[in-house]
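# Summary of structural features
Next come the chains, spelled out residue by residue.
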Amino acid sequence: MGVEAVLMVVLGISVLALAVAWVLARQVLSADTGKPEMQEIAAAIREGAEAFLSRQYRTIGLLSAVAAVAIFAFYYLNRHVPNIAQMGEGTAWKVTVSFLTGAACSAIAGYIGMFVSIRANLRTAAAAMTSLNKALQLAVRGGAVSGLTVVAMSLLGVGGLFVAFGGMTDYAHVPLQIVGFGFGASFVALFAQLGGGIYTKAADVGADLVGKVEAGIPEDDPRNPAVIADLVGDNVGDCAGRGADLFESTAAENIGAMILGIALYPVFGMGGILFPLLARAFGLVATIVGVYTVKCREDEDPMNGLNRGYLVTTVLAMAGFAVTVFLLLKPTSGQPVNQMYLLLAGVIGIMTAYAFVWITQYYTEYKYRPVREIAEASKTGPATNIISGIAVGFECTAAPVIVISIALLTSYWCGHLALGDIPGAGLYGTAIATMGMLAPCAYILAMDTFGPITDNAGGIIEMSKQPEAIRHKTDRLDAVGNTTKALTKGYAIGSAALAAFLLFSAYLDEVHKITGAHMSVDLTKVPVFIGGLLGATLVFVFSALAIKAVGRAAQVVINEVRRQFRENPGIMAGTSKPDYRACVDIVTAGALRQMVLPGILAVATPVAVGFLFKYLGEGQMGAEAVAALLMVGTIAGILLATVLNNAGGAWDNAKKYIESGLFMVDGVVVGKKSEPHKAAVVGDTVGDPFKDTAGPSLHVLIKLLSTITLVLAPLFIV
């Protein structure tokens with residue numbers, strides 16, 4: 001297959017995926033919308049989510065414009081410096097355009113996913129009144145709109161820019177010029193995840209502490225003034241935020257792999273550069289088939305249906321991956337290549353994804369020891385619950401690190417066995433493993449968006465006071481949604497870890513292309529050690545700011561809910577409605593205000609380190625110090641994100657275990673409103689900003705550090 005034909009297939013499949021996403025959206029939106037009282041609640045959720053996203057994107061748009069001007073100025077003012085001049089003509093405007101394109105595509109992908117999810121929730125609730133299977137299919141297809149849109153727009157953006165900038169002839173420079181696309185996607189993803197995460201957890205914490213603990217009312221009780229804000233938060237955090245997160249994962253990984261493919265051009269020609277695009281396109285086809293296979297019996301666990309779809313997607317994605325390996329990664333020179341080992345590297349990536357899913361499941365589901373230990377600790381109060389949860393979070397770092405280490409080592413080994421001792425062979429093996437892990441990305445994102453859709457559906461059923469039998473169905477879907485959200489967080493941190501290593505390697509490769517010398521990162525040099533130390537510190541300070549932001553916003557929500565209960569006794573009596581809009585507006589303003597500082601800190605730190613040591617150090621000390629910041633920051637970020645994600649998920653499910661009717665104290669079953677339950681609610685509240693704000697935001701931070709250093713690498717070099 002010729003180079004032009006490969007690009008046409010990639011772009012054609014991307015357009016096909018967008019068309020299927022449109023068909024799925026039409027199927028979801030044409031479904032029954034239920035009773036008038038259900039429609040009224042869904043309308044309030046929709047209005048709140050759209051108002052938040054509109055205000056958030058205006059803020060992100062302003063910040064993106066400032067960043068674009070800074071990028072253009074950096075490159076234009078240094079256009080005659082040899083290391084930038086070597087990147088080709090028009091680099092300043094090409095990097096800037098690619099940045100703005102990545103930012104716009106990320107925002108659009110997030111908006112489309114949330115647009116459907118805040119409408120699929122009502123349709124899912126209405127479907128649950130007649131059929132569990134129909135509700136399951138509507139929810140997963142609503143989620144698939146987001147998954148397909150995110151990956152397709154990532155491919156269209158990278159592939160379209162590659163063609164537009166002349167990559168067919170200038171293959172050596174164009175991948176370096178479109179790194180701005182990944183940075184733009186990361187930039188928007190960071191603020192989208194931060195803002196959405198702060199919003200959703202501030203509303204959740206406020207609603208839980210006043211509603212559940214103080215007033216003793218159920219989670220989605222319509223008397224709680226913060227309950228609509230809580231349901232809005234599920235969408236802006238898990239749909240728009242996670243959509244932007246995985247969009248930048250695929251974009252950054254594609255670009256990083258293309259840059260590494262340049263080094264292997266003498267072996268594979270254009271095939272090595274275009275390989276990640278075609279592999280990702282086949283993953284889209286696999287996802288489309290997998291989504292349409294999801295179904296379950298009325299008496300079956302809905303998770304079984306989702307797992308079947310995941311299995312079908314994975315098998316088909318690997319088949320497409322094999323076709324891509326044997327089609328594009330064949331030698332164009334006399335260099336011997338063992339393609340089976342390259343395929344094995346991709347299989348290692350898929351197995352790594354499965355391993356992360358199961359590790360996360362073990363540490364966050366109440367069927368297993370860690371969560372049950374937290375529930376047992378709740379018998380003696382909130383303090384022991386929190387101690388146990390933190391211990392579980394620290395413990396759960398071991399298995400993921402071992403899995404990542406094995407994946408990197410074996411895929412690196414596969415690269416060498418496939419390509420011999422040529423430079424970049426091992427690194428390309430790890431790149432292929434990363435692509436393998438991200439092959440079913442669109443389906444994973446569909447499972448993630450499934451969570452807030454079913455959560456909202458349950459809230460709509462409860463708030464509209466539908467029969468208990470219907471609530472039981474939505475509870476089953478909601479329980480599955482909680483599991484899929486936890487599993488996709490594990491998947492996201494695993495893919496972030498492999499992608500970050502790939503992008504770190506791409507950064508070193510870019511420095512080598514510019515300087516002509518291989519750069520080592522020597523931590524015995526004082527500036528390099530300081531760069532690494534600052535990278536680790538950034539991770540912790542960033543997390544602290546994100547968690548404190550939730551606490552500050554939640555305090556305002558708590559005071560507002562208490563005020564309404566105090567000044568309007570009719571709310572608790574059920575004779576008057578609470579002011580939902582007041583809570584939505586308060587959380588929106590608080591989340592947008594609080595997201596700016598940690599976001600700016602994340603962007604400014606690597607830039608400051610690079611320029612500081614460029615002028616204060618000797619040789620390429622600026623580039624080396626930034627490499628240390630990137631390396632150590634990535635390691636610290638992977639570990640801390642794992643702690644925050646899994647500890648938060650374990651606290652949440654320990655509470656659900658106590659609520660399930662299976663938890664016993666002295667031989668007696670206890671549940672909601674018991675003392676252990678109150679302790680578990682406190683632990684869950686502590687874990688909320690861990691798992692839904694700081695943890696997911698760290699996924700983005702890890703990749704943002706990589707993409708910003710790729711974009712600005714020429715500016716750190718003397």
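One structure accompanies this document, and this report is about it. Note that the structure is a prediction, hence the values are computed from the model and not measured.

A separate point is the side chain of Q339. Locating Q339 in the fold gives a position in helix 12 (residues 339-364). Residue Q339 is classed as buried on the basis of its relative accessible area of 17%. A distance of 3.5 Å separates the side chain of Q339 from the backbone oxygen of F326, its partner in a polar contact. Ignoring any residue separated from it by four or fewer positions in sequence, one finds Q339 in contact with V325, F326, L329 and K330.

What follows is about the packing of helix 2 (residues 36-77) against helix 21 (residues 580-594). Where helix 2 contacts helix 21, the two axes come as close as 10 Å, and the packing angle between them is 20°. Looking at the two axes, helix 2 sits roughly parallel to helix 21. Viewed along their axes, helix 2 and helix 21 form a crossing whose handedness is right-handed. Touching E47, G48, F52, R55, Q56 and T59 of helix 2 are R581, V584, T588, A589, A591 and L592, all from helix 21. Considered class by class, the residues forming the contact of helix 2 with helix 21 number 5 nonpolar, 4 polar and 3 charged.

All right, on to the side chain of E365 then. Relative to the elements of secondary structure, E365 occurs in the loop between helix 12 and helix 13 (369-377). Accessibility expressed as a relative area gives 10% for E365, which makes it buried. Apart from the residues lying within four places of it in its own chain, the contact partners of E365 are V371, T483 and N653.

Let us now look at the nonpolar core. If you look at the biggest cluster of nonpolar residues, it comprises 254 residues, and the most contacted ones within it are F275 and Y507. Among the elements that make up this core, the one with the highest residue count is helix 23 (residues 621-659) (19 residues). Apart from the residues lying within four places of it in its own chain, the contact partners of Y507 are M519, A623, V626, A627, L630, T709, L710, A713 and F716.

Here we take up the packing of aromatic side chains. Per the counting criterion, the structure on display carries 18 aromatic pairs. Here F268 and Y428 contribute two aromatic rings whose centre-to-centre distance is 6.1 Å and whose plane-to-plane angle is 35°, an arrangement assigned as tilted. Here the residue F268 occupies a position in helix 9 (residues 265-268), and Y428 occupies one in helix 16 (residues 425-437), the gap between them amounting to 160 residues. Residue F268 shares its accessibility class with Y428, and that shared class is buried. Each member of the aromatic cluster is reached from another via a ring pair, and the members are F99, F183, F187 and F191. Looking at R119, its charged tip hangs above the ring of F115, at a distance of 3.7 Å from the centre.

Enumeration over the complete set of coordinates arrives at 19 salt bridges. Residues K525 and E624 are paired through a salt bridge, measuring 3.3 Å at the closest nitrogen-oxygen approach. Here K525 is found in the loop between helix 18 (468-515) and helix 19 (526-567), whereas its partner E624 is found in helix 23, with 99 residues between them in sequence. You can call K525 partly exposed: its relative accessible area is 31%. For E624, a relative accessible area of 5% puts it in the buried group. Between E560 and R563 there is a salt bridge whose closest N-O contact spans 2.7 Å. Here E560 and its partner R563 are both found in helix 19, 3 residues apart, which amounts to about one turn of the helix. Taking relative accessible area as the criterion, R563 reaches 28% and is therefore assigned partly exposed. One salt-bridge network, in which partners are shared between bridges, spans D652, K655, K656, D684, D688, K691 and D692.

Okay, a nonpolar patch on the surface next. On the surface, L523, V526, F529, I530, L533 and L534 cluster together into a nonpolar patch covering about 530 Å² of accessible area. With respect to the element layout, I530 can be found in helix 19. Taking the relative accessible area as the measure of exposure, I530 reaches 32% and is therefore partly exposed.

What counts and what doesn't
For every chain, the first residue of its written sequence is number 1, and the numbers climb from 1 along that sequence. Per-residue local features are limited, in this predicted model, to residues with pLDDT of at least 70; the limit for side-chain atom pairs, both in listing and counting, is 80 or more; totals at the level of whole chains, interfaces and linings are taken over all residues. Water and hydrogen atoms were dropped before computing side-chain values, which therefore reflect all heavy atoms in the structure. The numbering of helices and of strands both runs from the N terminus, where a helix is a DSSP run of H or I of at least 4 residues and a strand a run of E of at least 2. To sort residues, take the accessible area from a 1.4 Å probe on protein chains only and compare it with the maximum for the residue type: under 20% means buried, over 50% means exposed, and anything in between is partly exposed. Pairs of N or O atoms within 3.5 Å make up the polar contacts considered here, provided that, within protein, one atom can donate a hydrogen while the other can accept it, and that residues adjacent in sequence are counted only when both atoms are side-chain atoms. Here a residue-residue contact requires only that any non-hydrogen atoms of the pair lie within 4.5 Å. Here the axes come from fitting lines to C-alpha atoms, over the contacting stretch only for helices, and the angles between their N-to-C directions go from 0 to 180 degrees. Small angles under 35 degrees read as roughly parallel and large ones over 145 as roughly antiparallel, with 65 to 115 read as roughly perpendicular and the rest as oblique. By convention, the crossing between two helices is left-handed when the near helix turns anticlockwise from the far helix through less than a right angle, and right-handed when the turn is clockwise. Just so you know the grouping, Ala, Val, Leu, Ile, Met, Phe, Trp, Tyr, Cys and Pro go in nonpolar, Asp, Glu, Lys and Arg go in charged, and all remaining residues, Gly too, go in polar. Here, nonpolar core refers to any group of buried Ala, Val, Leu, Ile, Met, Phe, Trp, Tyr and Cys residues whose side-chain atoms link them within 4.5 Å. By convention, a stacked pair of Phe, Tyr or Trp rings (six-membered ring in the case of Trp) has centres within 6.5 Å and planes under 30 degrees apart, an edge-to-face pair has planes over 60 apart, and any other such pair is tilted. Charges are assigned to positions over rings by a cutoff of 6 Å between ring centre and Lys NZ or Arg CZ, combined with an angular limit of 35 degrees from the ring normal. Salt bridge, as used here, is a side-chain nitrogen of Lys or Arg placed within 4 Å of a carboxyl oxygen of Asp or Glu. Exposure above 30% relative accessible area and the absence of a salt bridge qualify a residue for a patch, where like charges join within 9 Å and nonpolar side chains (Val, Leu, Ile, Met, Phe, Trp, Tyr) within 5 Å. In this description, accessible areas are obtained by the Shrake-Rupley approach with a 1.4 Å probe, and a residue is regarded as covered only by the protein chains that are shown.

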